Amino acid sequence: MADEYFISIETASDAKVLMISVAARLAGMHPQTLRQYDRLGLVQPGRAAGGGRRYSARDVELLREIQRLSQADGVNLAGIKRVIGLEQLVMGLQQRLLELEVELERARQRAAELETLLAYGRRDSVARDTSNALVVWRPRRPGDAS
């Protein structure tokens, strides 16, 4: 249930619904700045049917981060592009790590199940093989009736 909630929030923040003027106002920038950042590949807005740029809430947050890096930290646009690329790489690796941790936990659970089955399987076979029954076998002698 909680996972569904986070997925819906993530999907909503990724929806490309804001026109450039709205996104620029929310980010505290001029629309021309957003166009320049699009050309430089710093942000990738969606496109409406008529070709107009559409931004998501996540894009607006990215624009604010670009502005902070540029103005507060003095990072140039090439540096900002590199920082953003590295942050996206880290996020992708963190997501992959989470997926692998889940996969590892499933493998551990399966291994434990198999060990349990194997242990019970051995116990059952030992019980069958070590019965207390005594069987006497005598070889046939010539002349014994069948």
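Predicted model only: the values in this text are computed from it and were never measured. (Residues numbered from 1 in each chain as written. Predicted model: local features only at pLDDT ≥ 70, side-chain atom pairs only at ≥ 80, totals over all residues. Heavy atoms only, no water.)

Undergrad: Run through the pattern of salt bridges, naming residues and quoting values.
TA: Going through the model one piece at a time under the given rule, you end up with nine salt bridges. Notably, a salt bridge pairs Arg58 with Asp14, separated by 2.4 Å at the nearest N-O pair. Taken together, the residues span a long stretch of sequence, with Arg58 in helix α4 (residues 57-71) and Asp14 in helix α1 (residues 2-14) at a distance of 44 residues. The network of salt bridges with shared partners includes Asp38, Arg47 and Arg53. (Salt bridge = Lys/Arg side-chain N within 4 Å of Asp/Glu carboxyl O. Helix = DSSP H or I, 4+ residues; strand = E, 2+ residues; numbered from the N terminus.)

Undergrad: Provide a residue-level description of the sheet that holds strand β2 (residues 46-47), including the pertinent values.
TA: Hydrogen bonds along the backbone pair up the strands of a sheet, which may run parallel or antiparallel. The strand order β1-β3-β2 describes an open sheet built from three strands, whose pairing is antiparallel. Here the strands that pair on one side only, and so sit at the sheet edges, are β1 (18-19) and β2. Bridge count between β1 and strand β3 (residues 53-55): two bridges; the pairing is antiparallel. Paired with Leu18 across the two strands is Tyr55, which belongs to β3. Across the face of the sheet, α4 comes into contact with β1 and β3 while running at roughly 85 degrees to β3. (Pairing = 2+ DSSP bridges. Contact = heavy atoms within 4.5 Å. Axes fitted to C-alpha atoms, helices over the stretch in contact; angles between N-to-C directions.)

Undergrad: Just give me the short version of helix α2 (residues 20-27), but keep the residues and values in it.
TA: Residues lying three or four places apart along an α-helix face the same way, a consequence of the helix completing one turn every 3.6 residues. Buried within α2 are the following residues: Ile20, Ala23, Ala24 and Ala27. Buried residues of α2, viewed axially, fall in a sector of 100 degrees; they line one side. In this structure, the buried residues of α2 make contact with β1, α3 (31-40), β3 and α4. A positive backbone phi angle near 75 degrees is found at Gly28, which sits one or two residues after α2. (Buried < 20%, exposed > 50% of the residue type's maximum accessible area, 1.4 Å probe, protein only. Arc of directions from axis to C-beta.)

Undergrad: Which residues make up the nonpolar core, and what values go with them?
TA: In this structure, Leu34, Tyr37, Tyr55, Leu63 and Ile66 are the most contacted members of the largest nonpolar core, which totals 18 residues. Listing elements by their share of this core, those giving two or more residues are α2, α3, α4 and α5 (77-129). When residues of this core are assigned to their parent elements, the largest contribution, five residues, is made by α4. Apart from the residues within four sequence positions on either side, Tyr55 is in contact with Ala15, Lys16, Val17, Leu18, Ile20, Ala23, Leu34, Val43, Pro45 and Leu63. (Core = buried A, V, L, I, M, F, W, Y, C linked by side-chain atoms within 4.5 Å.)

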